[in-house]
Amino acid sequence: MKLGSILPVVAWGILVLGGGISLFCNSGLLNPSVSPNLALLDQQIGPFARDFEIEVDPELLGDLPPETFTFQNILGPDGQYGRMYIAYYSRGRRWSGRPHALEVCYRAMGYSELDVQTLSAPSGARLWSRVFERENQTVKVIHWLQKPGRLPKEESFSHHLARIFTKTGLRQDVASIYFEFDLADAPTDGAFVAASEELITQVEGLWE
């Protein structure tokens, strides 16, 4: 058989194989999603402490709401009042708005973005630090997207390839997480990083 006649067969075989893997991944048949029970989070999250749950009108969560979420008042290391939001999606689809980019959500609420930076945690996690302003309110927000078995950070092609061979590498679920404090009395970046590292560990333990 000539090489020219084999190549189309090989190409179609690769296409069918890739489509099959994609189908199995997106259907959840491989590495099914595990919804975390967010009520089981520890009362203490590093230097931050959970205070009370804030009621949210379901209509505010849009047409593609998370499968489960928690929005809580929290206390900083010096008693500052802040907020924590965790939204869990069994299928993360950025192109369909699951989850939304955080800066888009804040703009939709009438905020303007004043500053954006990244924070690097000792574990290797990469966190986003943003400052938003609306009328007389200015807030600092630390946020990240968390996926099972992976720290929130930039990944190379080799990292993506290696995930195929890990226990949770093909899972499609994701959590969108942020801490928010008024900028005037916001905790230090060190406190934010410590709390984020602890919360990353706790969430990971809930969806194993």
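Our structure's up above, just so we're on the same page.
Residues numbered from 1 in each chain as written. Predicted model: local features only at pLDDT ≥ 70, side-chain atom pairs only at ≥ 80, totals over all residues. Heavy atoms only, no water.

Colleague: Would you mind going over the sheet that holds strand S4 (residues 81-89) in detail, with residue names and values included?
Modeller: Taken in spatial order, the 8 strands line up as S1-S2-S3-S4-S8-S7-S6-S5 in an open sheet, and their pairing is antiparallel. Because the sheet does not close on itself, it has two edges, and the strands there are strand S1 (44-45) and strand S5 (112-120). Sheet topology places S5 next to strand S6 (residues 126-134); 8 bridges connect them, and they run antiparallel. Within S6, the position partnered with Ser120 by the bridge is Arg126. Most of the contacts of helix H4 (residues 189-206) go to strand S7 (residues 137-146), to which it runs at about 35°, and overall it touches S1, strand S2 (48-53), S4, S5, S6, S7 and strand S8 (174-182). (Pairing = 2+ DSSP bridges. Helix = DSSP H or I, 4+ residues; strand = E, 2+ residues; numbered from the N terminus. Contact = heavy atoms within 4.5 Å. Axes fitted to C-alpha atoms, helices over the stretch in contact; angles between N-to-C directions.)

Colleague: Would you mind going over the side chain of Gln80 in detail, with residue names and values included?
Modeller: Residue placement: Gln80 occurs in the loop between strand S3 (68-75) and S4. Side-chain polar atoms of Gln80 contact the backbone nitrogen of Asp78, separated by 2.8 Å. Apart from residues lying up to four places away in sequence, Gln80 is in contact with Ile74, Leu75, Phe181, Asp185, Ala186 and Pro187. (Polar contact = N/O pair within 3.5 Å; in protein donor to acceptor, adjacent residues only side chain to side chain.)

Colleague: Go over the environment of Thr201, please, and point to the residues and values.
Modeller: With respect to the helices and strands, the residue Thr201 is situated in helix H4. Through-space distance from the C-alpha of Thr201 to that of Leu151 is 9.5 Å; in sequence the pair is 50 residues apart. Only 3.1 Å separates the side chain of Thr201 from the backbone oxygen of Glu197, close enough to count as a polar contact.

Colleague: Tell me what's going on with unusual backbone geometry, and back it up with residues and numbers.
Modeller: A positive phi is found at Glu135, a non-glycine position, where the angle reads about 50°. Assignment of secondary structure puts Glu135 in the loop between S6 and S7. By relative accessible area, Glu135 is classed as exposed at 76%. (Buried < 20%, exposed > 50% of the residue type's maximum accessible area, 1.4 Å probe, protein only.)

Colleague: Just give me the short version of the pattern of salt bridges, but keep the residues and values in it.
Modeller: This structure, assessed with the given rule, holds 6 salt bridges. The partner of Glu180 in a salt bridge is Arg83, and the shortest N-O contact between them spans 2.5 Å. On the criterion of sequence distance, the pair formed by Glu180 in strand S8 and Arg83 in strand S4 is long-range, its members being 97 residues apart. Relative accessible area serves as the criterion here: at 7%, Glu180 is assigned to the buried category. (Salt bridge = Lys/Arg side-chain N within 4 Å of Asp/Glu carboxyl O.)

Colleague: Any details on the environment of Asp173? Residues and values, ideally.
Modeller: By the secondary structure assignment, Asp173 is in the loop between helix H3 (157-163) and S8. Asp173 sits 26 residues away from Lys147 along the chain, and the two C-alpha atoms are 6.5 Å apart. Residue contacts for Asp173: discarding those within four places in its chain leaves Ser33, Val34, Tyr88, Tyr89, Ser90, Arg91, Lys147, Pro148 and Trp207. Among the polar contacts listed, one links the side chain of Asp173 to the side chain of Tyr88, at a separation of 2.9 Å. Side-chain polar atoms of Asp173 contact the side chain of Arg171, separated by 2.7 Å.

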